[in-house]
Structures are given as structure tokens and as C-alpha cells.
Amino acid sequence: MADELAIPDVPFTHDPWLAARERYDTMPYRRVGSSGLLLPAITLGLWYNFGDNRPFDTQREVLRYAFDRGITHFDLANNYGPPYGSAEENFGRMLRRDFKPYRNELIISTKAGWDMWPGPYGQLGSRTYLLASLDESLDRLGLDYVDIFYSHRIDPTTPLEETIGALDTAVRAGKARYVGISSYSPAKTAESAAIARRLGTPLVIHQPSYSLLNRWIEDGLTTELANAGMGAIAFSALGQGLLTDRYLQQPAADIDRTGRPTFDDDVVTDEVRERLRGLAGIAQRRGQSLAQLALAWVLRDPTVASALIGASSVAQLEENLGALDNLDFTPDELSEIDRHASESGIDLWRESSEV
């Protein structure tokens, strides 16, 4: 009878995943300003590769690989997808299954500021929008709190006291451990930091776009961050993919950028290609790819605690992590890089950072 009831070859489809024991052996962790927050030098952002447009098993493979290599910080926003909200929903599924035992090892961030739902309360920086969006993000993630909550962009019509006051409320309500801002100008950053200090919940982090071809933060923002005791995490450190070898090998029009918001093809002029070739030559002499050079260069500034990257595959993530093998630059290398690294018209967030 027992033989008749035996069911052979049943797969163990829900064996719990175990993270690598050596996950902290090679990743450097850097302090964010003067706070107690430490971030891995490389952070994984879930902007466009973790919505319903990508297979869930591929997302899970990338996220597991990231954590196994010491990436403890996962960066989201309310409207990451597509569709909006799906990146948080998908990551929430993995939190409940794969990462639940490791929650206290993770830094999970989300943001609100860009468009999320119709009507006057679905974007920008009002108290109504920010706190409602945070509640929705927590529901999608299946969490009681996030580690960092950002005002994703400046609101030119809402008083800054209201926007920063909403961040203070999020912390006091236990729904965020730290708060920060993204794409704020130097002047607005200084003003925001002063308001936050008065409220008693200091801003600890700023998330600006920053790369070899978009150096706007060097014009006053890093100074204001240092004055405020804040750190930075640089997004678009690879210039929306421009700082990768593929733009050296084929015309911009032939490169699939998967429909996400990005620069126009006419940005990739002969002059920009010449800059890329010069930077690629420096990278080759350092034993790096162009992307690895770009990430290492962003991290040369101690104000920048982490470089935020996206990844659609384990292979892409693995290559980017290779930047950590050589983070040191000689003065001659930095001088040569400066001859090629200049504004190239790829800052898609300028409308916010110039307010």
C-alpha cells in the first residue's frame, strides 16, 4: 500500500533561500554625512527593471545576487515600475519570502514627489501627498517602516516648511527611520536642512544626479551638504547608460533603451563621442570598463556615500561591482579625466534642481 501511495519526484518549490555567509567580506560601507547611517558603496535602484515589464524570476535572481555581494540598500519610489507602484509590489513579494529573515540588515528607501495619481494631490510636495504616498508605499512593500523616505523633488508652490514638516511627521510616526531630499538646489538644500534642524529631525541624505557628464553638484551642493552634515547618494552615475561601452560601438539610434525616460539621440554628438573615447582610454589603462571607471570616479568624493545603479541582469550587476576593485585615482588620472568630463546635456532632472 505504501508503494502505491508514493509520489516520486515532487519538487521542493518553496525551500527557503539562504543568503551567502560571506556577503560582507568585500563590500565597503560608507558613512552618510555625520549620521549613523552606513550605505554600501554600490546601491541597487529598482527604477525600471523591477516592474511588471520584467520576469519576476529574473528580478529575484538579481536581488539575491546583489544581497549575496553585500548590497544591503535597495532604492525605490512610489512610481517605479512600470506600471507605477509595481516595483514596490514586486519587491514586497521578495521581502515577505526571501528577505524577511534579513530585514534588520537592509536599508530600504522610497520617495514621493513625481506624478503618482491624477488630480492636485498626486504629486509635488504637499503634506497630503507625501504622507498618503508613504502609507501606500508601505502597504505595497508590506512594511511598517522604510529606512529612508525622500521628498523626490522640490515643490515650487508649497511652502518648504510644509514639505519638510511632512518628513518630520513620517519619522515621528515611526514610518521612516531617516529622511532626505532629491534634486534640490544648493540654496533649497541649505534652507531645507535648517528647517529640519529646527523641527528636530535632521535631513541626512540628498539624492542628486551626478556623473562624469553631469557635474552640477560640484557647483555648491557638496559644500552645502558638508555644512549640513549630510551625505549624498548619486543616481544616474552611468549617465543613463551613456557611460557604457555600447555607445562607443554603435549609433545611439540603434541602442534599445527600453522605453524609459532618457536623453534624446541627438545628445550623442561627435564631441560627446570623443569625450567617451578619451574616458574609455583612461579606463582601459586602469584595467576597467568605462562603466567601472564612471562609478569609481563618482565615489572618489567622500560626500558621496554610495553610487546608485540599475541592473537588468546578474551579468550587468557583476560588471558594475567590478568598479570596487580599483577606487583609487592618481592626481594625473584625475587631471586627465577632467579634460573629458564635462556637461553633456543628459540631466533630465534639471527642472527640479534649478528651482
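Remember, predicted model here, so these are calculated numbers, not experimental data.

Chemist: Got a minute to help me understand the sheet that holds strand β4 (residues 73-75) in this structure?
Modeler: Within a sheet, each strand pairs with its neighbour through backbone hydrogen bonds, oriented either parallel or antiparallel. If you trace the eight strands once around the closed barrel, you get β3-β4-β5-β6-β7-β8-β9-β10, paired in parallel fashion. Taken pair by pair, the neighbouring strands of this sheet meet at an average axis angle of 30 degrees, ignoring direction. The sheet contact formed by β4 and strand β5 (residues 107-112) spans three bridges and is parallel. Each residue of the ladder has a partner; that of histidine 73, found in β5, is isoleucine 107.

Chemist: Looking at this structure, how should I read the pairing of strand β3 (residues 42-45)?
Modeler: Regular strands have side chains that alternate between both faces of the sheet. A two-sided burial pattern is seen for β3, the buried positions comprising Ile42 and Leu44 on one face and Thr43 and Gly45 on the other. Sheet analysis places β3 next to strand β10 (residues 304-309), joined by three bridges and oriented parallel. In the sheet register, leucine 44 faces β10, and the bridge partner there is isoleucine 309. Where β3 and β4 come together, two bridges link them in parallel fashion. Looking at the pairing, glycine 45 lines up with aspartate 75 of β4. Handedness of the crossover joining β3 and β4 through helix α2 (residues 56-68) is recorded here as right-handed.

Chemist: Just checking my understanding: could you explain the layout of surface pockets for this structure?
Modeler: Rolling a probe over the atoms, with the probe sized like a water molecule, indicates the empty space that remains. The volume enclosed by the second largest pocket comes to roughly 230 Å³. Taken together, 14 residues form the lining of the second largest pocket, with Leu37, Leu38, Asn104, Leu106 and Ile107 sitting closest to its centre. Its residues assigned to classes, the lining of the second largest pocket comprises eight nonpolar, two polar and four charged.

The rules we used
Residues numbered from 1 in each chain as written. Predicted model: local features only at pLDDT ≥ 70, side-chain atom pairs only at ≥ 80, totals over all residues. Heavy atoms only, no water. Pairing = 2+ DSSP bridges. Helix = DSSP H or I, 4+ residues; strand = E, 2+ residues; numbered from the N terminus. Axes fitted to C-alpha atoms, helices over the stretch in contact; angles between N-to-C directions. Buried < 20%, exposed > 50% of the residue type's maximum accessible area, 1.4 Å probe, protein only. Right-handed = clockwise from strand over helix to strand, strands pointing away. 1 Å grid on protein atoms, 1.4 Å probe; cavity = no way out; pocket = protein on both sides within 12 Å on 5 of 7 lines; lining within 4 Å. Points joined across faces, edges and corners; volume = space filled by probe spheres on them. Nonpolar A, V, L, I, M, F, W, Y, C, P; charged D, E, K, R; others polar.

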